[in-house]
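Breakdown of the fold
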Amino acid sequence: MTGIEWIKAASVLGAGMSVGFAAIGAAVGEGYTAGKANEALSFRPNLVGDILKTMLVGQAVAETAGIFGLVIAMLLLFSPIEGKSVLTAWAYMGAGLSMGLSAIGCGIGAGLPAGTACQGIGRQPMVSGQLSTLMLIGSGVAQSTAIYGFLIALLLLYKQLPMGMAIVPACSMVGAGLCMGFGGIGPGIGEGMAAMEAVSAVARNPLTVGLMTRTMLVGQAVSESTGIYSLVVALLLVLSV
Amino acid sequence: MDIMGADLVKAFACLGAGISMGLGAIGPGVGEGFAAGKACEAIGRNPQEAGLLTRTMLVGQAVSESTGIYSLVIALLLLFVV
């Protein structure tokens, strides 16, 4: 096999991993949201407009991680490969792993508060605005590690690589992809769980919304820390090539 | 392409650093999020105890963070020492 064929093979594999893994999280998160919305509607069928709107907004946020995976897959499939170093093959595999795996957690994490917000609107229709705002803040923070994964994938895609094969840079780039990819799963799910309980608490007692937003953000910030460690190690690995 | 033994060690150290920090981040992320979620739930039930509950949440999260920091230390050791 020539270098070009290796790069082509790696871009196809990377695109598959990127969109395939990313689809897991987005689909689970959106399904959870839809399930909770149905549960809420069975108790309060007259609130169909509000609940359906919140469900769709929450699902759209959960979908973004899947769309990131799709964008990286398209970039991998359609980027020109003529005259590239054979090391590009390894960079492409790293990019697919980084984007795909990191999107798993963020899709699930964004779906959890969205589902609870639908349930909360069924319980307290008067505060649906506050619940939607808190849900959007929580889901937005839960997306952050998918954005780190997207960033590392773009860095790997557009990096200028030395010609010729060497095993150390090849393993560094796959390692960076694995590091950011797996590292994004935990914080995504964890931040989603924090946002879920915050939304559910506001639905029980709407007066605590300020306190709850603060506690949620402090908890999510601590939960984010391992995602940031992963980003740092992945950047060290990418930039050392 | 001929691979020297030292290159192979360095290459696998890079791969190992990525796997160490990547997998090591899953547990603390989920665990700290769980603690934050339960703290939110508890403060929602009893807002007067918000200070105590936030403090307890942060202590619990700090303990849960420790394995993430072990992973970071091992990843940095693999990157810069091996």
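Definitions and limits used
- In this convention, every chain numbers its residues from 1, walking through the sequence in written order.
- Written order determines the labels here, with chains lettered from A and ligands numbered from 1.
- Local features in this predicted model are restricted to residues of pLDDT 70 or higher, and side-chain atom pairs are both shown and tallied only at a pLDDT of 80 or more, whereas totals for entire chains, interfaces and linings draw on every residue.
- Water and hydrogen atoms play no part in the side-chain values, which are based on all heavy atoms of the structure.
- By the criteria applied, helices consist of DSSP H or I runs no shorter than four residues and strands consist of E runs no shorter than two, each listed in order from the N terminus.
- Whether two residues touch is decided by their heavy atoms; if any such pair falls within 4.5 Å, the residues are in contact.
- Accessible surface is estimated by sampling points in the Shrake-Rupley manner with a 1.4 Å probe; for residues, cover comes only from the protein chains shown.
- In this tally, Lys and Arg are treated as positive and Asp and Glu as negative; His is ignored, and so are the chain termini.
- By convention, the charge on Lys lies at NZ, on Arg at CZ, on Asp at CG and on Glu at CD.
- Here the globule rule is a power law, 2.2 Å times the number of residues to the power 0.38, and the radius of gyration is based on C-alpha atoms.
- We call a residue buried when its accessible area falls under 20% of the maximum for its residue type, exposed when it is over 50%, and partly exposed in between, using a 1.4 Å probe and counting protein chains only.
- Per-residue confidence from the predictor is given as pLDDT, running between 0 and 100.
- Axis angles are defined between N-to-C directions and span 0 to 180 degrees, where every axis is a line fitted to C-alpha atoms and, for a helix, only to the segment in contact.
- By the definition adopted for this analysis, an angle is roughly parallel if under 35 degrees, roughly antiparallel if over 145, roughly perpendicular if from 65 to 115, and oblique otherwise.
- When residues are sorted by character, Ala, Val, Leu, Ile, Met, Phe, Trp, Tyr, Cys and Pro go into the nonpolar class, Asp, Glu, Lys and Arg into the charged class, and all the rest, Gly among them, into the polar class.
- Any pair of Phe, Tyr and Trp rings, taking the six-membered ring for Trp, is counted once the centres come within 6.5 Å. Such a pair is stacked with planes under 30 degrees apart, edge-to-face with planes over 60 apart, and tilted for the rest.
- A helix's residues, less one, multiplied by 1.5 Å, set its expected span.
- We define the bend at each residue as the angle formed by axes fitted to the 7 residues ending at it and the 7 residues starting at it.
- Nonpolar cores were defined as sets of buried Ala, Val, Leu, Ile, Met, Phe, Trp, Tyr and Cys residues, with membership established by side-chain atoms within 4.5 Å.
- The term salt bridge refers to a side-chain nitrogen of Lys or Arg lying within 4 Å of a carboxyl oxygen of Asp or Glu.
- Simply put, the buried area is the total loss of 1.4 Å probe accessible area from both parts when two parts are fitted together.

1. A look at the overall build of chain A
Scanning chain A for helices and strands turns up seven helices and zero strands. Reading the secondary structure of chain A in the N-to-C direction produces α-α-α-α-α-α-α. Projected onto its principal axes, the C-alpha coordinates of chain A cover approximately 65 × 30 × 20 Å. The contacts of chain A with a sequence gap of at least 6 include a subset with a gap of at least 24, amounting to 90%. Entry remark: accessible area of chain A is about 8700 Å², with carbon and sulfur atoms responsible for 74%. Each charge class in chain A can be summarised by its mean position, and for the 9 positive and 9 negative side chains these summaries are 8 Å apart.

2. Here we look at the overall build of chain B
Per the secondary structure count, chain B includes two helices and zero strands. For a compact globule of 82 residues, the expected C-alpha radius of gyration is about 12 Å, and chain B comes in at 19 Å, more than 25% above that figure. Dimensions of chain B, computed from C-alpha atoms along their principal axes, come out at roughly 65 × 20 × 10 Å. Every one of the 82 residues in chain B was classed for burial, and the buried ones make up 37%. For chain B, the proportion of contacts with a sequence separation of at least 24, taken over those separated by at least 6, is 78%. As displayed, chain B has an accessible area near 4200 Å², and 73% of this comes from carbon and sulfur atoms.

3. Side note on the confidence of the model for chain B
Predicted coordinates in regions of low pLDDT should not be interpreted in detail. Mean pLDDT over chain B stands at 91; residues scoring 70 or higher make up 98%. The ipTM value of the predicted complex is 0.91, and its pTM value is 0.92.

4. Description of the packing of helix H2 (residues 48–78) of chain A against helix H4 (residues 128–142) of chain A
Residues and elements named next belong to chain A. Put simply, H2 and H4 touch, their axes get as near as 10 Å, and they point 10° apart. Taken together, the axis directions place H2 and H4 in an arrangement best described as roughly parallel. Across from Asp50, Thr54, Val57, Gly58 and Val61 in H2, the residues of H4 making contact are Ser128, Ser132, Met135, Leu136 and Ser139. Residues belonging to the contact of H2 with H4 are distributed by class as follows: four nonpolar, five polar and one charged.

5. With respect to the packing of aromatic side chains
All names here are of chain A. Following the criterion strictly, the structure yields one aromatic pair over all chains and no others. An angle of 20° between the planes, with centres 4.7 Å apart, marks the rings of Phe68 and Phe150 as stacked. Of this pair, Phe68 sits in helix H2 while Phe150 sits in helix H5 (residues 144–157); the two residues are 82 residues apart in sequence, bridging distant segments of the chain.

6. A short note on H2(A)
Between the first and last C-alpha of H2(A) there are 43 Å, a value that for 31 residues agrees with the 45 Å anticipated at 1.5 Å per step. Maximal helix bending in H2(A) amounts to about 30°, located at Thr64(A).

7. Quick word on the nonpolar core
Grouped together as the largest cluster of nonpolar side chains are 48 residues, with contacts concentrated most on Ile72(A), Tyr92(A), Met99(A), Ile152(A), Val233(A) and Met21(B). Those elements giving two or more residues to this core turn out to be helix H1 (3–43), H2, helix H3 (87–123), H5, helix H6 (167–204) and helix H7 (209–239) of chain A together with helix H1 (5–45) and helix H2 (50–80) of chain B. If near-sequence neighbours (up to four positions away) are discounted, Ile72(A) is found in contact with Ser18(A), Ala95(A), Met99(A), Phe150(A), Ala153(A), Leu154(A) and Leu157(A). Counting 27 residues, the second largest nonpolar core, distinct from the first, contains Leu41(A), Ala114(A), Leu134(A) and Cys40(B).

8. Thoughts on the pattern of salt bridges
Tallied over the full model, the rule gives five salt bridges over all chains. Look at the salt bridges and you will find they share partners, linking Glu197(A), Lys38(B), Glu41(B) and Arg45(B) into a network.

9. Details of the interface of chain A and chain B
Residue-level contacts link 39 residues of chain A with 44 residues of chain B. Between chain A and chain B, a total of about 3200 Å² is buried, with carbon and sulfur atoms accounting for 80% of that surface. Looking at the side of chain A facing chain B, the largest losses of area belong to Ile167(A), Glu197(A) and Tyr229(A), adding up to 16% of the total buried there. Counting across the chain A and chain B interface gives one salt bridge. The salt bridge involving Lys38(B) is made with Glu197(A); its shortest N-O contact spans 3.9 Å.

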